[in-house]
Structure formats: structure tokens, C-alpha cells
Amino acid sequence: MKFILFIIISAFIILAPKIGLPICNIDTAKQAIPPRIFAEIAIDDNDQNVIFTRAIHNKTGIFLSEFSRCYFDVFDFNYLYKQLTILGLTGLLFASYRAIVLKRYNLILLILFLPLIPFFKQPEIIVMLVLKTLAISGVLAFMFLK
Amino acid sequence: MRKYLLVAIFILAAVLRLYKLGTVPPSLYWDEASLGYNAYSIFKTGQDEHQKAMPLISFAAYGDYKPPGYIYAAVPGIAVFGLNEFTVRFPSALFGFLTVVLTYFLAKRIFGTGPFFKFKKTEIDVPLVATFLLAISPWHLQFSRAAFEANLGLFFSTLGIYLFFRFAAGKPFWIVLSLISFLAGMYTFTGQRLFVPFILAILFLQFWRKVLKSWRYTAAALVIFGVIFYPLYVFSTQTIEGRLRFDEVTIFKNLEPINKSIADRRLDGFTFWANMMHNRRFYVSREYVSHYLDAFNPKFLLTTGDVNPRLSIQSVGELYYFEAVFVIFGIYFLIKNKQKYRWFLLAWLLVSPLGPATARETPHALRMVHILPTFQIIAAFGFLSFFEISRFKKLLLAISAIIVFVSLSYYLFMYYVHYPQIYAGEWQYGYKQAVQAVSKLYPDADQVIVTNTLGRPYIYFLLFGNVDPQKYWQSADVVKDKFFFLNVLGFGKYKFVDNVESVPVHGKVIYVTTTVPAGGKIIKVIKDPDGKVVFYISKNNAY
């Protein structure tokens, strides 16, 4: 019975429609730098210390801020929910929790580095496949582990 | 030493909430203005702006029927220091500060002598770190620095939870005070009405043995709760005014999922299986889940905050990045260490978005502000638990201190320097300057025609003009529209109109408009801090 249930849940996770990520990658992050830096510096006082201005509004900082936007797109719960269904999302969370508890650092790193794939313009399908595999593994672990 | 550190955190919390309170954010937005003027009206006459004596359930205001809590809380400040931006916002800042204080005592109840470390013989524990994190929280600061009813509501719900813990610690009478505090929250902010039932259910589940043991007090508290809650319940569920605003924002009145369900069933020929698979309840549930999950959207929590610039400064998320890392650690250690109140804390975190998820706009920092200070408490626990097992304690401490300092400095710089310039328009900047400019010309004018373009101008002319409510009532022209909104068309020499050109004029006329009317001579141009024109003050040829 458990096994049939697992098959059905897995089928739902696999068959859930493919949801695209917002367009956000290294190019968009780079493109955002000049307008943002100009807009931010324009607001500061004219007599503000240059070093201070550069410390607050610099290319690296803006790039990192844009990178973080792209990075978190993959961990948006709504994206995961639509990509994996609610059971898949639960499975993914459980798989992540188990990975931490069991100190499976390779798995933890895989999850953490996953958003770099679309950021560096590699096929999004890899993200989808990894997420679905992890979600199904999580469901499997949840159902069959004591 | 620990005491000094705690006092220093409290001072920091107070300074961050009070410094430039009247000028940053740069102006009062219309709900703040309405709260302020209604409080002024209560102070002056004992009646609200629509001449209703001491409303206890709601203030009609713009027809949005505001809960009364904030308005009454603002009365003492306005009575002592007069009607201005500072006094309108002061209750929020004060209760925001008190929430920080309360967080210390609540975290102490939850963790007792939990994980801690010694820094120069001073014990740094969860309550201390959680209090510090709330003191500097962008989410909490945003709401403590403007007149948001939600911030007062947050104080009352946190107080209710704290008092419930006191009750559970063997003081049965405190349950009465706890439920009264929750009620105060419900009478202060509408969002609390969808939070209190859930948090009460969790508290009852957490402490069910204590609740049963002190059943007499519990029953008495519930009776008191029921009696005080009843009028609010009747208003919220059985009057058009009470239901209208909820109906306006809820996803359950959205026909889109139902239309989609019908379309999908039609596509499948309305067969039995089609009706099963494309049941509208599934569609509505799916939408609700999606709105619920929005609450934990990392973009909202970490990078940009709420999309509404009144609710977030846009350049920083609702939480700091470092907080998020320690929230994850915190959740892990709460479960791993089997902390006594782990399920309570996690349930508080998870039920907070249940109410706000019924609304169309999600994630909504204001409607789910009662999720605070769970993030801070969990992050504090996560940080200290991680610190306990860390091998490089000094290094971790040094890095943490630098990250906190940089994050806070960046946030404060963006808040005080950039935010007031970029988003002045979101705070209806320009009305105060317009009122000041018009006040000088008012005695000689026959008519003052003001555009409605920027919304609710009348309240600003009442508030910044310090108009006596009794004088206002003598000439107020108020109409209720089909959506039950109350529109003020004019009072005294003022006329508030959508189309300035269509108003019949006589004698000397002053215009307050966003474009110069035909034949108007500009007297003054009001610009926002970013240099964009907000209003033209002009006069006609007869002036």
C-alpha cells in the first residue's frame, strides 16, 4: 500500500508542469550595475566623502545584490510548490533536513549551488530534474525510514 | 555588566525608533493623517470626524472603518504636544519599543537558561540576542516609525503570548489578562482578528494540561473574552461595513479560479472525472497555498522586502541575510536539541501567514507583522547553538560583529538618506507644504479648489490646518459612494474635486493642482525631495 502511494506521489511530482524561472542571470546582473550605481550616487549629497560613497555604492555590492535576487528565485517556495506540488515541496524540505542531520555535505552543497546553474545560463532543466529527484528521495525517506 | 548591555540595547531600540520620527518617512500618508485627525477630534470633542461619540468598535474615517485602538492611543500625545507628525507616529514608536522590551522577557520564558556564551564575564544568551535583533530589525523599524495600527496589534499579541506563558508558569489569573491583551490586539488591527484564533489554539494545545488544571480561570477568561469580542464579531460578520473591506481584499471573492475550473471542465465535456479533477475547490485551495507560501519568499524576506514602498525601503529585505542563515540553523537546532517549546515557536511561525494568505496581495509585511519576533528569537537560538559547537569562537564572534555592523549601517544609510528622497511620493509628500502655502492666502480667497488626484486631500487640510472639528462639521460636505467610502467634497472655502476645470468659480480662487489650470497664475510650485513637481499653487485672474 505504502509503495503504491509512493508511486502515485512520485508520479504527481514528475508530472507537475514545468515552471520557468524569471530571466535573471549573470548578464542581467551585469546590466543592472551602471543604472543602479548612477541612480544611487545621484541621491547622495555632493559633499559626501568619496570613499564612503564608494563603500556604499560599488560595483561588487550591486552585483552581489543582483546575484542574490537571481539566487533566491530557485528557492522561492512558490516556484518549488508549482514545480514539485505540495507533497514534493514537503519531500524536498525533508530531504534537506535529513541531509543536514546525516551531515551529507555533498548533498547540502548540491542544493546550495543549484541556483548557480541558471545564473551562469546553463539549462534550467537540470535544476528541475535535481529538485524532482531530491523531492522524490525525500518522500521515499519520509515514508520508508523509521 | 549584563544589565548595562540590556539597557544599551533598549536605548538603541528607542533611538532607532524615535530619531527623526516626524520627518523620516518624509510625510504622513493618508491613513496616518486620518488616525491623527480622528484622535485630535476625540480629544477636542469626544467625537470622531463624522461626529460619532467615542466609537468603540470602529471609526468610519474614509469608510474603511478603522479599528479604534491606535486612535485612542494617540490621544494623550496629541493632547500634550499638539497635532503634528511626531505625535501621530509616537504611539507606534512607543509600542514598538515596548515590543522590543517584551521580546526579552518572552524569550527568557521560552529559553530560560538556554545556550549562552561568556564575553568578558558577561553571559550572552538568547533573550539578549533576540532583543538586539528585534531592536535593529528592518521589518520592525519600518512599522515602528509610522502610524501603523499593525505595530500596536503586534505589541498586544506578543503581550498576550507572554502573559499566557506566565499563566502556564503557575499564575492562573494571568490567563484573563492574556486574553484581554489579545482582544486589545483585535480591537487595534484587523489582521489580528485572523491571527489570534490560531495562536490561541496553539497556546491551548501547548499548555492543555495547565488549561484543564485551571479550568475555572480559563472558563472565566473565555467568558470575558466572548463578551468583549461579541460586538466586534457582530460588526465584522453581520454588517456591510464590517465585511466590505474584507470582501474587497480576499481571494475567496475572486472569480478567476472558478472560471478556470468551468473552462477546464467544459474542455473535458463536464464528465464525472472532469468535475472531480477540475473541482473549483482545488483551484481555490491551490491559490490559497500559493499565497501562503509567498510569505516565505526569499526575495521578500531577504532582498527587496514588501513590494509596497511604504512597507519596506526596497533596498533591504524584511530580514538581514545573516538573520536568515541563523533562522535556518535555529530551526535545525530547535528540532535536533528537542527544545521544550520548539513546536510552539515553529507553529507561531507557520500560522502567522494563514490569515494574510486569504488576501490578494501577498506577501504582505503589514498583515503578517505578528510573525515577529519569531524570526529574531529563532535566529538568536540558532546563532548561540551554532556558537556552542563552533571551534573558532572568537573568529565567529568577530565576523558576526562586522557583518551586523555593516548590515545595520547600510540599512540606516539607505533608510535615512535614500528612502525619503526616492519614495516621498508614496507618503503623499507635498500636502503639508501645500496647506502651509494656502493658509497664508486663505483669508483673502473666496474659494480654494484642490485636486483629488493624489487622494484624500481634505484630511491634510484638516490636520495641518489644525481645523477645529466643530468648525469642520458646520460646513462639511460628505457623501457616501456605492462602495461605502466616505468622500469629503468640501468644507469652508475648500472644494475637493476630480476635475478642477469643471467647477463653477466665483471671486478670488486659489488652485492646488498637479497641472496648472487654464488661466491660472502660478504662486508656488511644491516639489518633492527628488525634485519632481507635486503641486502647483495658482490663482485666477480675479485674485
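Cut-offs and rules
Residues numbered from 1 in each chain as written. Chains lettered and ligands numbered in written order. Predicted model: local features only at pLDDT ≥ 70, side-chain atom pairs only at ≥ 80, totals over all residues. Heavy atoms only, no water. Helix = DSSP H or I, 4+ residues; strand = E, 2+ residues; numbered from the N terminus. Buried < 20%, exposed > 50% of the residue type's maximum accessible area, 1.4 Å probe, protein only. Contact = heavy atoms within 4.5 Å. Areas by Shrake-Rupley, 256 points an atom, 1.4 Å probe, with all protein chains shown as cover. Domains from an automatic or database assignment. Buried area = accessible area lost by both parts, 1.4 Å probe. Salt bridge = Lys/Arg side-chain N within 4 Å of Asp/Glu carboxyl O. Pairing = 2+ DSSP bridges. Polar contact = N/O pair within 3.5 Å; in protein donor to acceptor, adjacent residues only side chain to side chain. Nonpolar A, V, L, I, M, F, W, Y, C, P; charged D, E, K, R; others polar. Phe/Tyr/Trp six-rings, centres within 6.5 Å; stacked < 30°, edge-to-face > 60°. Core = buried A, V, L, I, M, F, W, Y, C linked by side-chain atoms within 4.5 Å. Disulfide = S-S within 2.5 Å. Patch = residues over 30% accessible without salt bridge, like charges linked within 9 Å, V, L, I, M, F, W, Y side chains within 5 Å.

What follows concerns the overall build of chain A. Summing up its helical and strand segments, chain A has eight helices and zero strands in all. Ordered by position in the sequence, the α and β elements of chain A form the string α-α-α-α-α-α-α-α. Dimensions of chain A, computed from the C-alpha atoms along their principal axes, are close to 75 × 30 × 20 Å. When the 146 residues of chain A are sorted by exposure, 42% land in the buried category. Considering only contacts in chain A between residues 6 or more positions apart, those separated by 24 or more positions represent 78%. Roughly 8,700 Å² of accessible area belongs to chain A as shown, and the carbon and sulfur atoms make up 72% of that amount.

On to the domain arrangement of chain A. Residues and elements named next belong to chain A. Once the domains are mapped, chain A shows domain 1 (23–71) and domain 2 (74–146). For domain 1 versus domain 2, the distance between C-alpha centres works out to 31 Å. Contacts between the two partners involve nine residues from domain 1 and, on the opposite side, nine residues from domain 2. Here domain 1 packs against domain 2, burying approximately 760 Å² in sum over the two surfaces, 68% of which is carbon and sulfur. Sorting the residues of domain 1 by area buried against domain 2 places Ile26, Phe67 and Tyr71 first, and these three jointly supply 66% of that buried surface. Counting the contacts that link domain 1 with domain 2 gives one salt bridge. Residue Lys121 pairs with Asp27 through a salt bridge whose shortest N-O separation is 2.6 Å.

Moving on to the pairing of strand β9 (residues 533–539) of chain B. All names here are of chain B. When strand β7 (residues 509–513) meets β9, the two strands line up antiparallel, connected through four bridges. By the bridge assignment for β9, Ile510 is matched with Lys539. Two elements, strand β8 (residues 521–527) and β9, share six bridges in a ladder whose sense is antiparallel. Across the sheet, Lys524 pairs through a bridge with Ile537, a residue of β9.

Moving on to the pattern of salt bridges. Applying the stated criterion to the full structure yields 14 salt bridges over all chains. Several salt bridges converge on common partners, so that one network encompasses Arg36, Glu40, Glu66 and Arg69 of chain A.

Interface size is often expressed as the accessible area that is lost when the parts come together. Across the contact, 22 residues belong to chain A and 23 residues belong to chain B. Here chain A and chain B share an interface that buries about 2,000 Å² over both sides, 69% of which is from carbon and sulfur atoms. Broken down residue by residue, the surface that chain A buries against chain B is led by Ile43, Phe72 and Tyr81 of chain A, which jointly contribute 29%. Our enumeration of links across chain A and chain B arrives at one salt bridge. With a shortest N-O distance of 3.1 Å, Lys299 of chain B and Asp73 of chain A are connected by a salt bridge. The interface formed by chain A and chain B contains eight residue pairs in polar contact (both at pLDDT 80 or more). Looking at the side of chain A that touches chain B, the elements with two or more residues in it are α2 (26–43), α3 (50–56), α4 (59–74) and α5 (77–101) of chain A. Considering each element in turn, the side of chain A that touches chain B owes the most residues, nine residues, to α5 of chain A. Classifying every residue of the side of chain A that touches chain B gives 12 nonpolar, four polar and six charged.

Another aspect to go through is the packing of aromatic side chains. Residue and element names in this part refer to chain B. Per the counting criterion, the structure on display carries 64 aromatic pairs over all chains. On the numbers, 6.4 Å between centres and 70° between planes, the contact of Phe148 with Trp427 is edge-to-face. In this pair, Phe148 is assigned in the loop between α6 (138–144) and α7 (149–168) and Trp427 in the loop between α20 (393–422) and α21 (431–441), connecting sequence segments 279 residues apart. Comparing Phe148 with Trp427, the two get one shared label, buried. Between Phe164 and Phe167 the ring centres are 5.3 Å apart and the planes differ by 75°, which places this aromatic pair in the edge-to-face class. Of this pair, Phe164 and Phe167 both sit in helix α7, three residues apart, which is roughly one turn of the helix. Residue classification places Phe167 among the buried positions, given a relative accessible area of 2%.

All names here are of chain B. Within the fold, Phe10 resides in helix α1 (residues 2–18). For Phe10 and Val525, which are 515 residues apart along the polypeptide, the C-alpha to C-alpha distance reads 43 Å. The contacts of Phe10, once residues within four sequence positions are left out, are Phe97, Val100, Val101, Tyr104 and Thr131.

Our focus in this paragraph is the nonpolar core. Residue and element names in this part refer to chain B. Counting 188 residues, the largest nonpolar core has Trp139 and Phe344 as the members making the most contacts within it. When residues of this core are assigned to their parent elements, the largest contribution, 12 residues, is made by α7. Apart from the residues within four sequence positions on either side, Trp139 is in contact with Phe300, Leu301, Glu318, Leu319, Ala365, Met368, Val369, Ile371, Leu372 and Phe375. Counting residues in hydrophobic clusters, the runner-up holds six residues, among them Ile449, Val500, Val503 and Val509.

With that out of the way, let us pick up the state of the cysteines. Covalently bonding the sulfur atom of one cysteine to the sulfur atom of another cysteine gives a disulfide. Residues and elements named next belong to chain A. Under the criterion given, the structure shown has one disulfide over all chains. Here Cys24 pairs with Cys70 through a disulfide, and the sulfurs are 2.0 Å apart. Here the S-S torsion is close to -75°, and the disulfide linking Cys24 with Cys70 is therefore left-handed. Within this pair, whereas Cys24 is found in the loop between α1 (2–15) and α2, its partner Cys70 is found in helix α4, the two being separated by 46 residues in sequence.

Of all residues except glycine, most have a negative phi; of all peptide bonds, most are trans. Residue and element names in this part refer to chain B. The amide bond that connects Thr362 to the next residue, Pro363, takes the cis arrangement and shows omega of -5°. Within the secondary structure layout, Pro363 lies in the loop between α18 (342–351) and α19 (374–389). Omega for the bond connecting Leu372 with Pro373 falls within 30 degrees of zero, at -5°, which places this linkage in the cis form. Note that Pro373 resides in the loop between α18 and α19. Positive phi, normally seen in glycine, also occurs at Lys20, with a value near 55°. Here the phi dihedral of Gln51 falls at roughly 65°; this positive angle occurs in a residue that is not glycine. Of note, Gln51 is situated in the loop between α2 (30–45) and α3 (69–81). The class for Gln51 is partly exposed, based on a relative accessible area of 45%.

Moving on: a nonpolar patch on the surface. All names here are of chain B. Judged by side-chain polarity, Phe173, Leu177, Ile180, Tyr217, Val223, Ile224, Val227 and Ile228 come together as a nonpolar surface patch covering roughly 670 Å² of accessible area. Elements supplying a minimum of two residues to the nonpolar patch: α8 (174–186) and α11 (215–238). Among the elements that take part in the nonpolar patch, α11 stands out by supplying five residues, more than any other. Residue position: Ile228 is located in helix α11.

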